[in-house]
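Take a look at the letters that make up each chain.
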Amino acid sequence: MPPVFAHGRLRLYLLKLLDEAPRHGYEVIRLLEERFQGLYAPSAGTVYPRLAKLEAEGLVTYATEGGRKVYSITEAGRAELADRRGELADLELEIRDSVSELAAEIRADVRGAAGDLRREMRAAASATATPVEDASWAAAKEELRKAKHEWKEQARRAKDESRRAREEAQQARRQAKEAQERAREEVQRIAAQFQEQFAKSGGMLGSLAGAWLGGGSGSTHSGTGATSAKSAASAAASGSDWAEDLTATADPARDLDRLLDRFRDDVRDAARDHGVSPAQLAEARAHLAAAAARVTGTLRDTL
């Protein structure tokens, strides 16, 4: 029997089933059997420990209804499912391949059983003086007919499941590509907005921009004085620790959006706390222009 799920993939597929609707453990087992058209059904000893582990990790929760646990996916579970949507598309293809392999094994078993039965029937016919069909002969022919019918039905179900899995995988890949395009457009929009917003930010904007880019251009305007130079030096010194509390995810576009939000908030706080002078605004404009050029250039090279 070929493995139906690679290591860790059953865990991901359980999250997919619970994302569709809350379910109890027996219903999860029944759904898996339906998805495989009866060719595969996991045991309770396979499904329930994995549901318990997902619950311990905070990815699913459960409520007791009629003495049974009904499992539901949590927001953390949905977030993991969203981060692994590409892997889920590959999993649908793996399921299709597993169904095909299982169907192939069933076909081989049926062919082997049918061949053995035919040989036994020939041997029985040869040993019989009169080729008159008795009850055992008729029963053997009926078993052969049923075996052929079952094989054809299982092959048809496997073919339908394979086509459905292929269509779902293609749709998931299209959705992933569309999401990537939307993320690309959003990053470009944020970069353009970032250039337009510098005139409204002011204050210590220049120092923060320099810290964000690893110290900026290194030059200061004479109108800013010692306070601006000191702030820039302090920001550059702490630039490696800036926004380190923002945990990275599997979505770079989302992480960039969060960094830009943090940057905008820091600048506005600085402007509110320290005020804005014309000289500072001029220096901020220069820093932001350089920052925007470096960031957008990096994004264009990467994307």
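Look up: the structure comes first, before these words.
Notes on the structure in this doc start here.

Definitions and cut-offs
Residues numbered from 1 in each chain as written. Predicted model: local features only at pLDDT ≥ 70, side-chain atom pairs only at ≥ 80, totals over all residues. Heavy atoms only, no water. Helix = DSSP H or I, 4+ residues; strand = E, 2+ residues; numbered from the N terminus. Buried < 20%, exposed > 50% of the residue type's maximum accessible area, 1.4 Å probe, protein only. Contact = heavy atoms within 4.5 Å. Areas by Shrake-Rupley, 256 points an atom, 1.4 Å probe, with all protein chains shown as cover. Axes fitted to C-alpha atoms, helices over the stretch in contact; angles between N-to-C directions. Parallel < 35°, antiparallel > 145°, perpendicular 65-115°, else oblique. Pairing = 2+ DSSP bridges. Expected span 1.5 Å × (residues − 1). Core = buried A, V, L, I, M, F, W, Y, C linked by side-chain atoms within 4.5 Å. Phe/Tyr/Trp six-rings, centres within 6.5 Å; stacked < 30°, edge-to-face > 60°. Lys NZ or Arg CZ within 6 Å of the ring centre and 35° of its normal. Polar contact = N/O pair within 3.5 Å; in protein donor to acceptor, adjacent residues only side chain to side chain. Salt bridge = Lys/Arg side-chain N within 4 Å of Asp/Glu carboxyl O.

Concerning the overall build of the protein
Here is step 1: Assigned secondary structure in the protein consists of eleven helices and three strands.
Here is step 2: Taken across its 303 residues, the protein has 34% of its residues classed as buried.
Here is step 3: Partitioning the intrachain contacts of the protein with sequence separation of at least 6 by distance along the chain shows that 70% fall at a separation of at least 24.
Here is step 4: Surface accessibility of the protein: about 17,800 Å² in total, with carbon and sulfur atoms responsible for 51%.

Description of the packing of helix α1 (residues 9-20) against helix α3 (residues 44-56)
Here is step 1: Their axes nearest at 10 Å, the elements α1 and α3 cross at an angle of 75 degrees. Accordingly, the angle class assigned to the pair α1 and α3 is roughly perpendicular. Here α1 contributes L10, R11, L14, L15 and L18 to the contact with α3, which in turn contributes T46, V47, R50, L51 and L54.

Describing the pairing of strand β2 (residues 60-65)
Here is step 1: In the sheet, β2 pairs with strand β3 (residues 68-73) via six bridges, with the strands oriented antiparallel. In the sheet register, A63 faces β3, and the bridge partner there is V70.
Here is step 2: Between β2 and β3, which pair antiparallel in sequence order, lie two residues; one of them, G66, sits at a positive phi of approximately 60 degrees.

Details of the side chain of E80
Here is step 1: Checked against the element boundaries, E80 lands in helix α4 (residues 75-83).
Here is step 2: Given the relative accessible area of 18%, E80 is considered buried.
Here is step 3: Dropping the residues within four chain positions of it, E80 is found in contact with R11, L15 and L59.

Observations regarding α1
Here is step 1: If you check α1, its first and last C-alpha atoms are 17 Å apart, about what twelve residues at 1.5 Å a residue would give, namely 16 Å.
Here is step 2: With respect to burial, α1 is a largely interior element, nine of its twelve residues being buried.

So, the nonpolar core
Here is step 1: If you look at the biggest cluster of nonpolar residues, it comprises 23 residues, and the most contacted ones within it are L14, L15, L18, V28, L32 and V47.
Here is step 2: Among the secondary structure elements, those contributing two or more residues to this core are α1, α2 (25-35), α3, β3 and α5 (85-127).
Here is step 3: Top element by residues in this core is α1. It accounts for seven residues.

Considerations on the packing of aromatic side chains
Here is step 1: For the coordinates displayed, the defined rule picks out one aromatic pair.
Here is step 2: Judged by centre distance (5.8 Å) and plane angle (55 degrees), the ring pair of Y62 and Y71 falls under tilted.
Here is step 3: By relative accessible area, which is 35% here, Y62 ends up partly exposed.
Here is step 4: Look at Y71 and you get buried, because its relative accessible area is 5%.
Here is step 5: Against the face of Y62 rests K69, its NZ or CZ located 4.5 Å from the ring centre.

Re the environment of R96
Here is step 1: Along the chain, the position of R96 falls in helix α5.
Here is step 2: Here the alpha-carbon distance between R96 and E161, two residues 65 residues apart in the chain, equals 6.8 Å.
Here is step 3: Discounting residues that sit within four places of it in the chain, R96 has contacts with S162, A165 and R166.

Looking at the environment of D255
Here is step 1: With respect to the helices, strands and loops of the structure, D255 is situated in helix α10 (residues 252-274).
Here is step 2: By relative accessible area, D255 is classed as buried at 16%.
Here is step 3: In this structure the side chain of D255 is engaged in a polar contact, spanning 3.0 Å, whose partner is the side chain of T249.

As for the pattern of salt bridges
Here is step 1: Following the criterion strictly, the structure yields 24 salt bridges and no others.
Here is step 2: Between E87 and R84 there is a salt bridge, with its nearest N and O atoms 2.8 Å apart.
Here is step 3: Here E142 ties to R145 by a salt bridge, and the two come within 2.5 Å at their closest N and O atoms. Residue E142 and its partner R145 are located together in helix α6 (residues 135-196), separated by three residues, close to a single helical turn.
Here is step 4: In this structure R145 comes out as partly exposed when scored by relative accessible area, which is 47%.

Distances and angles like these do not, on their own, reveal function.
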